[in-house]
Amino acid sequence: MLVHGGYLPFFYVTAVVPFAAISIAGVADALWFKTDLTWLRGLGGRYLPYLGRAVVTLAALTFAAYVLPQWISYLNTNSTVQGNVPYLDAAAWAEHNVPKGDVVVVDDYLWVDLKTHGLNPLWLWKITPQTAPDGWKSIDYILVQPQSAGTLAGMPALQGAYAHSVLVKSFGGGLTARRVIGASQP
């Protein structure tokens with residue numbers, strides 16, 4: 001995956017980093033400093049003690065020439081692009097426009113921010129008869145990206161809230177604020 005590219009979830013990389021660092025350093029150390037390689041002398045050649053250093057050098061050069069430029073490009077993009085601007089804008093908007101007691105259905109990105117601001121967020125995966133006793137009428141606002149029909153089919157309260165809502169504000173990236181009409185508000 002590192003060489004060919006493609007989707008690799010970040011948490012997989014994070015879990016492998018310490019083990020990869022130890023393994024790579026250990027192999028490089030064994031090849032660079034333990035150039036005895038007496039077990040290979042039977043194959044012939046007086047240059048076999050230098051084989052380990054050649055392998056380490058070749059691997060380092062290959063990494064520097066092929067993998068490192070790709071990583072630099074990705075790191076540059078990730079360190080300069082503000083990918084969470086729509087969520088920051090949505091949290092600020094909700095803090096100033098949503099009454100504190102209103103139930104706001106959010107995804108996991110906004111839940112902590114709204115809770116910190118004293119609002120009443122409800123994580124969309126936690127909509128149950130206990131958290132929304134009146135079904136869709138228990139929900140005052142929806143502050144999430146559009147849900148697929150398959151997701152909504154398994155969540156009748158959220159489906160009903162979408163059906164009885166109007167768009168209030170769009171923040172970009174598909175993130176919108178919708179006010180549920182006919183819900184618990186007066």
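Structure's up top.
What counts and how
Residues numbered from 1 in each chain as written. Predicted model: local features only at pLDDT ≥ 70, side-chain atom pairs only at ≥ 80, totals over all residues. Heavy atoms only, no water. Axes fitted to C-alpha atoms, helices over the stretch in contact; angles between N-to-C directions. Helix = DSSP H or I, 4+ residues; strand = E, 2+ residues; numbered from the N terminus. Parallel < 35°, antiparallel > 145°, perpendicular 65-115°, else oblique. Contact = heavy atoms within 4.5 Å. Nonpolar A, V, L, I, M, F, W, Y, C, P; charged D, E, K, R; others polar. Phe/Tyr/Trp six-rings, centres within 6.5 Å; stacked < 30°, edge-to-face > 60°. Buried < 20%, exposed > 50% of the residue type's maximum accessible area, 1.4 Å probe, protein only. Pairing = 2+ DSSP bridges. Salt bridge = Lys/Arg side-chain N within 4 Å of Asp/Glu carboxyl O.

Enquirer: Let's hear about the packing of helix α1 (residues 10-33) against helix α2 (residues 51-80): which residues, and what values?
Expert: Where α1 meets α2, the axes come as close as 6 Å, and the angle between the chain directions of the two elements is 140 degrees. Compared by their axis directions, α1 and α2 come out oblique. When α1 is examined against α2, the residues Ala28, Leu31 and Trp32 are found in contact with a partner set consisting of Gly52, Arg53, Val55, Val56 and Thr57. Of the residues in the contact of α1 with α2, the class split is five nonpolar, two polar and one charged.

Enquirer: Break down the packing of aromatic side chains for me, citing the residues and quoting the values.
Expert: Each aromatic ring pair is characterised by the separation of its centres together with the angle its planes make. Using the criterion set out here, one finds four aromatic pairs in the structure. Judged by centre distance (6.0 Å) and plane angle (65 degrees), the ring pair of tryptophan 93 and phenylalanine 171 falls under edge-to-face. Linking tryptophan 93 in helix α3 (residues 85-97) with phenylalanine 171 in strand β4 (residues 165-172), this pair joins segments that are 78 residues apart in sequence. Each member of the pair tryptophan 93 and phenylalanine 171 is classed as buried. Here the aromatic cluster, defined as three or more aromatic residues joined through ring pairs, consists of Trp93, Tyr141 and Phe171.

Enquirer: Could you give an account of the sheet that holds strand β2 (residues 120-123), with specific residues and numbers?
Expert: Here five strands make up an open sheet; going across it, the order is β2-β1-β3-β5-β4 and the pairing mixed. The sheet is open, and its two edges are formed by β2 and β4, each paired on a single side. Averaged over all adjacent pairs, the angle separating strand axes in this sheet is 25 degrees, with direction ignored. Where β4 meets strand β5 (residues 175-180), six bridges bridge the pair, whose relative direction is antiparallel. Note on β5: the bridge partner recorded for lysine 169 is alanine 177. On the sheet, α3 packs against β3 (141-144), β4 and β5 and is oriented at approximately 135 degrees with respect to β4. Relative to the sheet, helix α4 (residues 108-116) contacts β1 (103-106), β2, β3 and β5, its axis offset from that of β2 by approximately 160 degrees.

Enquirer: Go over the pattern of salt bridges with me, naming the residues and quoting the values.
Expert: Throughout the structure, instances matching the rule amount to one salt bridge. Put simply, arginine 179 and aspartate 102 hold a salt bridge, and the shortest N to O gap is 3.9 Å. One end of the pair, arginine 179, is in strand β5; the other, aspartate 102, is in the loop between α3 and β1, and 77 residues separate them in sequence. You can call arginine 179 partly exposed: its relative accessible area is 22%.

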